[in-house]
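# Overview (structure and organization)
Listed below, chain by chain, are the residues.
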Amino acid sequence: MLGETSHAARPLVDPFGRAISYLRVSVTDRCDFRCVYCMAEDMTFLPKNEVLSLEEIDRIASAFIRRGTRKLRLTGGEPLVRRGIIDLVTSLGRHLKTGDLDELTLTSNGSQMARHAEALFAAGVRRVNISLDTLDAEKFARITRWGRLTQVLDGIAAARAAGLQVKLNTVALAHENADEIEALLEFAAAGGHDLTLIETMPLGEIGEDRVDQYLPLSKVRRDLAQRYTLTDLPYRTGGPARYVRVEELGLQLGFITPLTHNFCESCNRVRLTATGQLYMCLGQDDQADLRAIIRRVGSDAAALDAALDEAISRKPKGHDFVIDRRGARPAVARHMSLTGG
């Protein structure tokens, strides 16, 4: 691909000595769901000319890989609604074959997984995250606004049949699924899936009251501990989750708690939006415009490398997440679908 070189470059290290080894890329801001904690129902999506082409995504991702990124996750919106997405995954899979990349993975709502699971596996993907917030069809329709539970359950089954390991992600919502956590744990365990619980994050105006939705996972954990034996695990990915083993179910359970626990001390990741803006922190607005660099006439690998160095030099120590209880305003204005979940 354009701009690649055959030799390894120096790694990207932030001001706090953290090597950047994990890149999350939003390939589109579009989604076929309108989940109540993520989007407003009446969303205005980006014009196509503002969105990175698949070749541009490949070029930026490959530059990160050359600088030491070992894990690449494609997100959205819903990544599988992007036209040509399998071509991009297949192209990026070449870095797995050379050993320059350890893992190429994807986060999905599961709606299109039945169509694409086999092609993802063939391209080198071995693990996917699929969102599942309820096992109740009526609740599912209410939470996603546009989704059908059967789509997602079929997608999970297809992923497993194709050989993909599936991790389920559940956003904890006080008035929707607080009473279903145990059922979701048992569903995950029965299917051989791990499960991660996520506190709702204050990104973007969504037409809902986040204070009303917010369910602290510290309370969820206390409640689960009365029913199950939870053993803390030393397992770390450099990401935000903290893990326990649910002994009775043989399940690994993760907790992502941006509001009740600052998870930044070992952060090794950055996020690239569908428009080519690089966010060094999910919870802050500082960004670097990589689209402008790669669309500049005569832009080469050195220019992109310099832009990466400058951006990572501004990576903060931690985020500023907080739910504004006076007005339920988001911590940052952009939606999760733009930044990449």
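Please read these numbers as outputs of a predicted model, since none were measured by experiment. (Residues numbered from 1 in each chain as written. Predicted model: local features only at pLDDT ≥ 70, side-chain atom pairs only at ≥ 80, totals over all residues. Heavy atoms only, no water.)

### Notes on the overall build of the chain
What counts here: Numbering of helices and strands starts at the N terminus; helices are DSSP runs of H or I of at least 4 residues and strands are runs of E of at least 2. Think of it in three bands: residues with accessible area under 20% of the maximum for their type are buried, residues over 50% are exposed, and the middle band is partly exposed, with areas taken using a 1.4 Å probe on protein chains only. Contacts are assigned to residue pairs that have any heavy atoms within 4.5 Å of one another. The Shrake-Rupley method, run with a 1.4 Å probe, gives the accessible areas here. Residue values count only the displayed protein chains as cover.
When helices and strands are tallied, the chain shows twelve helices and twelve strands. Residues classed as buried in the chain amount to 57% of the 341 residues present. Residue pairs at least 24 apart in sequence account for 74% of intrachain contacts in the chain once pairs closer than 6 positions are excluded. If you sum the accessible surface of the chain, you get close to 14400 Å²; carbon and sulfur atoms cover 51% of it.

### Examining the state of the cysteines
Selection rule: Any pair of cysteine sulfurs within 2.5 Å is marked as a disulfide.
For the coordinates displayed, the defined rule picks out zero disulfides. Between Cys31, a free cysteine, and Cys35, which holds the nearest cysteine sulfur, the sulfur-to-sulfur gap is 6.3 Å. Cys31 gets classed as buried once you look at its relative accessible area, which sits at 16%.

### Observations regarding the pairing of strand E2 (residues 71-75)
Put simply, the rule is: One bridge is not enough; two strands pair if DSSP finds at least two bridges between them. Think of it like this: strands point away, you trace from the first strand over the helix to the second, and a clockwise trace means the crossover is right-handed.
In terms of burial, E2 is largely enclosed, as five of its five residues are buried. Burial of E2 is two-sided: the residues Lys71, Arg73 and Thr75 facing one way and the residues Leu72 and Leu74 facing the other way are all buried. Here five bridges tie strand E1 (residues 22-26) to E2, and the two strands are oriented parallel to one another. Looking at E2, one finds that Arg24 is bridged to Arg73. For the crossover from E1 across helix H1 (residues 54-66) to E2, the handedness is right-handed. Summarising the sheet, E2 and strand E3 (residues 103-108) pair through four bridges and their orientation is parallel. Bridging from a neighbouring strand, Leu72 pairs with Leu104 of E3.

### Focus: the confidence of the model for the chain
Filter applied, for reference: pLDDT expresses, on a scale from 0 to 100, how confident the predictor is about each individual residue.
A residue-level look at the chain finds 84% of positions with pLDDT of 70 or above and a mean pLDDT of 87. Of the regions scoring below 50 in pLDDT, residues 323-328 engages in 13 contacts with residues more than four places distant in sequence or in other chains.

### A word on the sheet that holds strand E6 (residues 194-199)
The strands making up a sheet are joined through hydrogen bonds of the backbone, oriented either antiparallel or parallel. Here is the rule: Orientation is described by lines fitted to C-alpha atoms, with helices fitted over the stretch in contact, and by angles between N-to-C directions that extend from 0 to 180 degrees.
Across the sheet, twelve strands lie side by side as E7-E8-E9-E6-E5-E4-E3-E2-E1-E10-E11-E12; this open sheet has mixed pairing. Taken across any chain shown, the strands that pair with only one partner, and hence form the sheet edges, are strand E7 (230-232) and strand E12 (287-289). Averaged over all adjacent pairs, the angle separating strand axes in this sheet is 25 degrees, with direction ignored. Across the sheet, helix H6 (residues 149-161) touches strand E4 (127-131) and strand E5 (165-172), and the angle it forms with E4 is around 170 degrees.

### Regarding the environment of Arg67
Quick note on the threshold: Between N or O atoms, a polar contact is any pair within 3.5 Å; within protein, one atom must be a potential hydrogen donor and the other a potential acceptor, and residues adjacent in sequence are included only when both atoms are from side chains.
With respect to the element layout, Arg67 can be found in the loop between H1 and E2. Excluding its chain neighbours within four sequence positions, the residues that come into contact with Arg67 are Ala9, Arg10, Pro11, Leu12, Asp305, Leu308 and Asp309. At 2.5 Å, the side chain of Arg67 forms a polar contact with the backbone oxygen of Arg10.

### Some words on the pattern of salt bridges
Heads up, the rule is: A pairing counts as a salt bridge when a side-chain nitrogen of Lys or Arg comes within 4 Å of a carboxyl oxygen of Asp or Glu.
Under the criterion given, the structure shown has 20 salt bridges. A salt bridge links Arg67 to Asp305; its shortest N-O distance comes to 3.2 Å. One end of the pair, Arg67, is in the loop between H1 and E2; the other, Asp305, is in helix H11 (residues 301-312), and 238 residues separate them in sequence. Side by side, Arg67 and Asp305 carry an identical accessibility label, which is buried. Of the charged contacts in the structure, one is a salt bridge between Arg70 and Asp102, with a shortest N-O distance of 2.6 Å. Highlighted residues: Arg70 in the loop between H1 and E2 and Asp102 in the loop between helix H3 (94-98) and E3, separated in sequence by 32 residues. Classification of Arg70 by relative accessible area gives partly exposed; the value is 30%. For Asp102, a relative accessible area of 54% corresponds to the exposed category.

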